[in-house]
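Chains, contacts and geometry: an overview
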Amino acid sequence: MSMQERDPKLENGPEPTADSDDPSAFLGEITGQVVTVKLNTGIVFTGNLNSVDGYMNIALEGCREYVDGNYRGSLGDTFIRGNNVEYVSRGKSEHLRG
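Read on for a plain summary of the structure. (Residues numbered from 1 in each chain as written. Predicted model: local features only at pLDDT ≥ 70, side-chain atom pairs only at ≥ 80, totals over all residues. Heavy atoms only, no water.)

**A word on the overall build of the protein chain**
The secondary structure content of the protein chain amounts to one helix and five strands. Counting from the amino terminus, the protein chain carries its helices and strands in the arrangement α-β-β-β-β-β. Looking at the protein chain as a whole, 27% of its 98 residues are labelled buried. Residue pairs at least 24 apart in sequence account for 42% of intrachain contacts in the protein chain once pairs closer than 6 positions are excluded. (Helix = DSSP H or I, 4+ residues; strand = E, 2+ residues; numbered from the N terminus. Buried < 20%, exposed > 50% of the residue type's maximum accessible area, 1.4 Å probe, protein only. Contact = heavy atoms within 4.5 Å.)

In structure tokens form, the structure reads like this:
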């Protein structure tokens, strides 16, 4: 294929999808859904993902806190600073009690 025949959509690689290594596509897909957020300290939060920015700062609605897998309390609307986040997953983890 010559330079003139090259597909311009492929110049910078394929579009990101939820299955790719690009977390922004996944996070955009799950906005508005229930998520589990684990912090570097081991504390886990669940709630509806309201928003995420480029620094991985997370806003949760209806946030619930879990320590060592046990429910500790309801926090309502919560903002989590991105540098504290170990991971974000879709849904509520089955290992949480309460």
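**Some thoughts on the pairing of strand 1 (residues 34–39)**
Here strand 1 runs beside strand 2 (residues 44–52); their pairing, made up of five bridges, is antiparallel. Along strand 2, the bridge assignment pairs Val-37 with Phe-45. With five bridges connecting them, strand 1 and strand 5 (residues 85–90) associate as antiparallel partners. Bridge pairing in strand 5 places Val-35 opposite Arg-90. (Pairing = 2+ DSSP bridges.)

**Points about the sheet that holds strand 2**
Here five strands make up an open sheet; going across it, the order is 4-3-2-1-5 and the pairing antiparallel. In this open sheet, the two edge strands, each paired with only one partner strand, are strand 4 (70–80) and strand 5. Taking each pair of neighbouring strands and ignoring which way they run, the sheet shows an average axis angle of 30°. The sheet contacts of helix 1 (residues 23–30) involve strand 1, strand 2 and strand 5, and relative to strand 5 the element is tilted by about 50°. (Axes fitted to C-alpha atoms, helices over the stretch in contact; angles between N-to-C directions.)

**Some remarks on the nonpolar core**
Formed by 13 residues in total, the largest nonpolar core has its most connected members in Val-35, Val-37, Ile-58, Leu-60, Ile-80 and Val-88. Broken down by secondary-structure element, the contributors of at least two residues to this core are helix 1, strand 1, strand 2, strand 3 (58–67) and strand 5. (Core = buried A, V, L, I, M, F, W, Y, C linked by side-chain atoms within 4.5 Å.)

**A look at the environment of Ser-74**
Among the secondary structure elements, Ser-74 is positioned in strand 4. Every residue in contact with Ser-74, bar those within four places of it in the chain, is listed here: Cys-63 and Arg-64.

**Describing the side chain of Thr-46**
Structurally, the position occupied by Thr-46 is in strand 2. Overall, the relative accessible area of 4% leaves Thr-46 in the buried class. Once you skip the residues sitting within four places of it in the chain, Thr-46 turns out to touch Val-35, Thr-36, Leu-60, Gly-62, Cys-63, Arg-64, Tyr-66, Lys-92 and Leu-96.

**Considering the pattern of salt bridges**
The tally for this structure, following the rule as stated, stands at one salt bridge. Among the salt bridges present, the one from Arg-90 reaches Glu-29, with a minimum N-O distance of 2.9 Å. Of the two residues, Arg-90 sits in strand 5 while Glu-29 sits in helix 1, which places them 61 residues apart along the sequence. (Salt bridge = Lys/Arg side-chain N within 4 Å of Asp/Glu carboxyl O.)

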